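Topology and contacts: notes
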Amino acid sequence: ETGVTQTPRHLVMGMTNKKSLKCEQHLGHNAMYWYKQSAKKPLELMFVYNFKEQTENNSVPSRFSPECPNSSHLFLHLHTLQPEDSALYLCASSQEVTGTYEQYFGPGTRLTVT
Amino acid sequence: GENVEQHPSTLSVQEGDSAVIKCTYSDSASNYFPWYKQELGKRPQLIIDIRSNVGEKKDQRIAVTLNKTAKHFSLHITETQPEDSAVYFCAAAGGYQKVTFGTGTKLQVIP
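Attention here is on the structure that accompanies the text. Here the structure is a predicted model, which means the values were calculated and not measured.

Put simply, an interface is often sized by how much accessible area is lost when its parts join up. Every contact between the two is made by 26 residues of chain A and, on the other side, 19 residues of chain B. Between chain A and chain B, roughly 1,900 Å² of surface is buried when both sides are summed, and carbon and sulfur atoms account for 55% of that area. Three residues, Leu-43, Tyr-101 and Phe-105 of chain A, lead the burial of chain A against chain B; their summed loss comes to 30% of the area buried on that side. Our count for the chain A to chain B interface comes out at four residue pairs in polar contact (both at pLDDT 80 or more). Within the residue set of the side of chain A that touches chain B, elements represented by two or more residues are strand E4 (31–37), strand E5 (44–50), strand E6 (53–57) and strand E9 (87–94) of chain A. Broken down by element, the side of chain A that touches chain B gets its largest block of residues, four residues, from E4 of chain A. Here the side of chain A that touches chain B is built from residues that sort into 12 nonpolar, 10 polar and four charged.

See below:
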């Protein structure tokens, strides 16, 4: 698959587990994002990385820990989550082109916290 | 920070009719306004966008209008078809690191 890929596509975890979500972009973009999509807040920005540096943390609880080792890979480390964290987690990437910033989304990871 | 409001939250139209979705934003520094379409079970994808130096943009059956003075922009879909059924998100951006999305509109086109 080209573009933006995410693994795993589905994840079920208990509240005491530790897991990680992975995102990879094959587009040569320099910015990567994590979004949370739920019924309450359809597209909620969590984190932004620009050239591997975190530039935005949208008041996300510390039980979510992002990591961006390079411009092509982005991780979201999860620990001691709550049932309300169950949602679709979308990764996206972008590159500014003449004032437009199209977000290319991955397919998402459907997370269920039990 | 930026706040984007989107209305209506749900919209049903007969096939062939037009659909209009409206958004307002709060930050006058925002200069890029994209619209994304998310079909059921799929990822959001850009369908059209407009920059602040343009008042209207068209792409076949889709058009977007922008009123910077009033801080609102709209998506217009003409001659709707069943495959237009999806959730549509508007967004406002002042830079590619700060894209704020609206709450989405679920459009249903009735055959």
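The rest of the description comes next.
Another point: the layout of surface pockets. Residues and elements named next belong to chain B. Looking at the largest pocket, its volume works out to about 590 Å³. Looking at the lining of the largest pocket, the elements with two or more residues in it are strand E9 (86–93) and strand E11 (105–110). Looking at the lining of the largest pocket residue by residue, the class counts come to nine nonpolar, 11 polar and five charged. In this structure, the second largest pocket occupies an estimated 500 Å³ of space.

Attention now goes to the packing of aromatic side chains. Both the distance between ring centres and the angle between the ring planes are used here to describe each pair of aromatic rings. Under the criterion given, the structure shown has 11 aromatic pairs over all chains. Between the aromatic rings of Tyr-35 of chain A and Phe-101 of chain B, the centroid separation amounts to 5.5 Å while the plane-to-plane angle is 85°, which identifies the pairing as edge-to-face. Of this pair, Tyr-35 of chain A sits in strand E4 while Phe-101 of chain B is found in strand E10 (residues 99–101), placing the two residues in two different chains. Like Phe-101 of chain B, Tyr-35 of chain A is buried. Here the aromatic rings of Phe-64 of chain A and Tyr-89 of chain A are separated by 5.9 Å at their centres, their planes lie at 35°, and the arrangement is tilted. In this pair, Phe-64 of chain A sits in strand E7 (residues 64–70) while Tyr-89 of chain A sits in strand E9, placing the two residues 25 residues apart along the sequence.

Let us now look at the environment of Asp-59 of chain B. Residues and elements named next belong to chain B. Tracing the chain through its elements places Asp-59 in strand E6 (residues 56–59). Taking the C-alpha atoms as reference points, Asp-59 and Ser-26, 33 residues apart in sequence, are found 26 Å from one another. With sequence-adjacent residues up to four places away left out, Asp-59 is seen in contact with Ile-47 and Ile-48.

Residues and elements named next belong to chain B. Spatial strand order, E1-E3-E8-E7-E6: five strands in an open sheet with antiparallel pairing. Looking along the sheet, the strands with just one partner apiece sit at the ends: strand E1 (4–7) and E6. Shown here is a sheet whose adjacent strand axes are inclined to one another by a mean of 15°, direction ignored. With six bridges joining them, strand E7 (residues 62–67) and strand E8 (residues 72–77) adopt antiparallel strand pairing. Across the sheet, the residue bridging to Asn-67 is His-72, located in E8.

Rules used in this analysis
Here the residue numbering is sequential within each chain, running from 1 through the sequence in written order. The naming scheme follows written order: chains are lettered A onward, ligands numbered 1 onward. Only residues with pLDDT of at least 70 get local features here, since the model is predicted, and only at 80 or more are side-chain atom pairs given and counted; chain-wide, interface and lining totals rely on the full set of residues. Note that water and hydrogens are dropped before the side-chain values are worked out from all heavy atoms of the structure. Two residues form a contact once any of their heavy atoms are found within 4.5 Å. Two parts placed together each lose some accessible area; with a 1.4 Å probe, that loss summed over both constitutes the buried area. N or O atoms closer than or at 3.5 Å make up a polar contact, with two conditions inside protein: a donor-capable atom paired with an acceptor-capable one, and, for residues adjacent in sequence, both atoms drawn from side chains. A run of H or I in DSSP becomes a helix once it reaches four residues, and a run of E becomes a strand once it reaches two; helices and strands are each numbered from the N terminus. Each residue is assigned to one class: nonpolar for Ala, Val, Leu, Ile, Met, Phe, Trp, Tyr, Cys and Pro, charged for Asp, Glu, Lys and Arg, and polar for all the others, Gly among them. Any residue with an atom within 4 Å of a point lines the site, the site being either a cavity, points on a 1 Å grid over the protein atoms alone where a 1.4 Å probe fits but cannot get out, or a pocket, an open set with protein on both sides within 12 Å along at least 5 of 7 lines. Grid points are joined across faces, edges and corners, and a volume is the space filled by probe spheres set on the points. What counts as a ring pair is set by centres within 6.5 Å for rings of Phe, Tyr and Trp (its six-membered ring), and what kind of pair is set by the plane angle: stacked under 30 degrees, edge-to-face over 60, tilted for all other angles. Each residue is placed in one exposure class: buried if its accessible area under a 1.4 Å probe, protein chains only, is under 20% of its type's maximum, exposed if it is over 50%, and partly exposed if it falls in between. DSSP bridges decide pairing: two strands pair if at least two such bridges lie between them. Only the contacting stretch of a helix is used when fitting its axis, a line to C-alpha atoms as for every element, and angles between N-to-C directions run 0 to 180 degrees.

So yeah, pure geometry; function would need other evidence.
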